[in-house]
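Residues per chain, in single letters:
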Amino acid sequence: MAHILIVEDEKAMQDIIAEYMRKGGHTCLTADDGIDALVILKNHPVDLMILDVMMPNLDGFFVCRMAREMSNLPIIMLTARSAEDDKLKGYEYGADDYMTKPFSPRILLAKVCALLHRSSAASAGTVHAGKITLQPGARKVCLAGQEISLTHKEYELLSFFMANPGQIFSREQLLNRIWGYDFAGTTRTVDTHIKTLRQKLGDEGRHIVTLIRSGYKFEVNL
């Protein structure tokens, strides 16, 4: 059972989503706008957030960005717009997945369960690479002893790379392994997340090596 925050200003849609989440065995918190959502995130434990893009007061992009400063919880964004640039903007702010309205609540529930499963599937033991230390049990990453804040997908990418040093992975392989085979985005999503991950790792970002026409690999001995 997980605590899910549903941020949706359309009451009927909010009720439908909450009903399906409860059918899946989860408890729900609801917010009608971005301000309420941030207050709830600050004061209540939340395992995953379902976040509408178009809302009064604060839009979903702003809420997503602020939530990422507070937590690395999985975030699924809901939008009535299917433009690729809008989706990429959400991913840049830290969203983990997108659903375009109208959508199937059953598919949304399946995505929620998959994200929660991947979020909790952390192996025990601390992993080191250069100045990077990753603690899977706590989902914590430190750089030269100082904890850094990563989004959910940035963390999963780094964890996957560090667990498979020296192996080459294509963008398609990374997309399938980290986002899932049912993910509707493009390989540009991988490039965007790796770019921001490298920036957060600073000089240690050099461990993530780009191979022309092949993909990426994590090189430890650099």
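Small disclaimer: the values here were computed from a predicted structure and weren't measured. Numbering of residues begins from 1 in every chain and follows the order in which that chain's sequence is written. With the structure being a predicted model, the display of local features is reserved for residues of pLDDT at least 70 and the display and counting of side-chain atom pairs for 80 or more, all residues being used for whole-chain, interface and lining totals. Based on all heavy atoms of the structure, the side-chain values leave hydrogens and waters out of the count.

Trainee: Before we move on, can you summarise the overall build of the protein chain with the specific residues and values?
Mentor: On a plain count of helices and strands, the protein chain comes out with 8 helices and 12 strands. Computation of the radius of gyration draws on C-alpha atoms alone. For the globule rule, the value is 2.2 Å times the number of residues to the power 0.38. A compact globule built from 222 residues should have a C-alpha radius of gyration of about 17 Å, and the protein chain, at 17 Å, falls within 12% of that. Overall size of the protein chain, expressed as C-alpha extent along the three principal axes, is 55 × 35 × 30 Å. The buried share of the protein chain, taken over its 222 residues, is 49%. A contact between two residues is defined here by any heavy atoms of the two lying within 4.5 Å. In the protein chain, 57% of the contacts between residues at least 6 apart in sequence involve partners at least 24 apart. Neither His nor the chain ends is counted toward charge; the positive residues are Lys and Arg and the negative residues Asp and Glu. Here the site of a charge means atom NZ of a Lys, CZ of an Arg, CG of an Asp or CD of a Glu. In the protein chain, 26 side chains carry a positive charge and 27 a negative one; their mean positions are 6 Å apart. A run of DSSP states H or I qualifies as a helix once it reaches four residues; a run of E qualifies as a strand once it reaches two. Both are numbered from the N-terminal end. Working definition: with a 1.4 Å probe on protein chains only, accessible area under 20% of the residue-type maximum means buried, over 50% means exposed, and in between means partly exposed.

Trainee: Break down the packing of aromatic side chains for me, with residues and values.
Mentor: Only centres within 6.5 Å qualify two rings of Phe, Tyr or Trp (six-membered ring in Trp) as a pair; their planes then separate them into stacked at under 30 degrees, edge-to-face at over 60, and tilted for everything else. In the structure shown here, the tally under the stated rule is 4 aromatic pairs. With a centroid separation of 6.2 Å and an interplanar angle of 65°, the aromatic rings of Phe61 and Tyr93 are classed as edge-to-face. Of this pair, Phe61 sits in helix H3 (residues 60–70) while Tyr93 is found in helix H4 (residues 84–93), placing the two residues 32 residues apart along the sequence. By relative accessible area, Phe61 is classed as buried at 4%. Given a relative accessible area of 24%, Tyr93 falls into the partly exposed group. Ring plane angle 20° and centroid distance 6.4 Å describe the contact between Phe161 and Phe218, whose orientation is recorded as stacked. Within this pair, whereas Phe161 is found in helix H6 (residues 152–163), its partner Phe218 is found in strand S12 (residues 215–218), the two being separated by 57 residues in sequence. The exposure class assigned to Phe161 is buried, which follows from its relative accessible area of 0%. A relative accessible area of 1% means that Phe218 is categorised as buried. Cation placement over rings: the criterion is NZ of Lys or CZ of Arg within 6 Å of the ring centroid and within 35° of the ring normal. A cation sits over an aromatic face here: Lys23 above Tyr20, 4.8 Å from the ring centre.

Trainee: Tell me about helix H8 (residues 188–201), residues and numbers included.
Mentor: One fewer than the residue count of a helix, multiplied by 1.5 Å, yields its expected span. If you check H8, its first and last C-alpha atoms are 20 Å apart, about what 14 residues at 1.5 Å a residue would give, namely 20 Å. For H8, the complete set of buried residues consists of Thr189, Val190, Thr192, His193, Ile194, Thr196, Leu197 and Leu201. Where H8 ends, the next residue or the one after it, Gly202, has phi of about 60°, a positive value.

Trainee: Before we move on, can you summarise the side chain of Thr79 with the specific residues and values?
Mentor: Note that Thr79 resides in strand S4 (residues 75–79). Excluding residues that lie within four positions of it along the chain, Thr79 makes contacts with Asp52, Val53, Tyr98, Met99, Thr100 and Lys101.

Trainee: Would you mind going over the nonpolar core in detail, with residue names and values included?
Mentor: Core analysis: the largest hydrophobic core is formed by 48 residues, its most contacted members being Leu5, Met49, Leu51, Met77, Leu158 and Leu174. With 6 residues, the single largest contributor to this core is H6. Once residues within four sequence positions are removed from consideration, Met49 is found in contact with Leu5, Val7, Leu41, Val63, Ala67, Leu73, Pro74, Ile75 and Ile76. What makes a nonpolar core is a set of buried Ala, Val, Leu, Ile, Met, Phe, Trp, Tyr and Cys residues whose side-chain atoms join them at distances within 4.5 Å.

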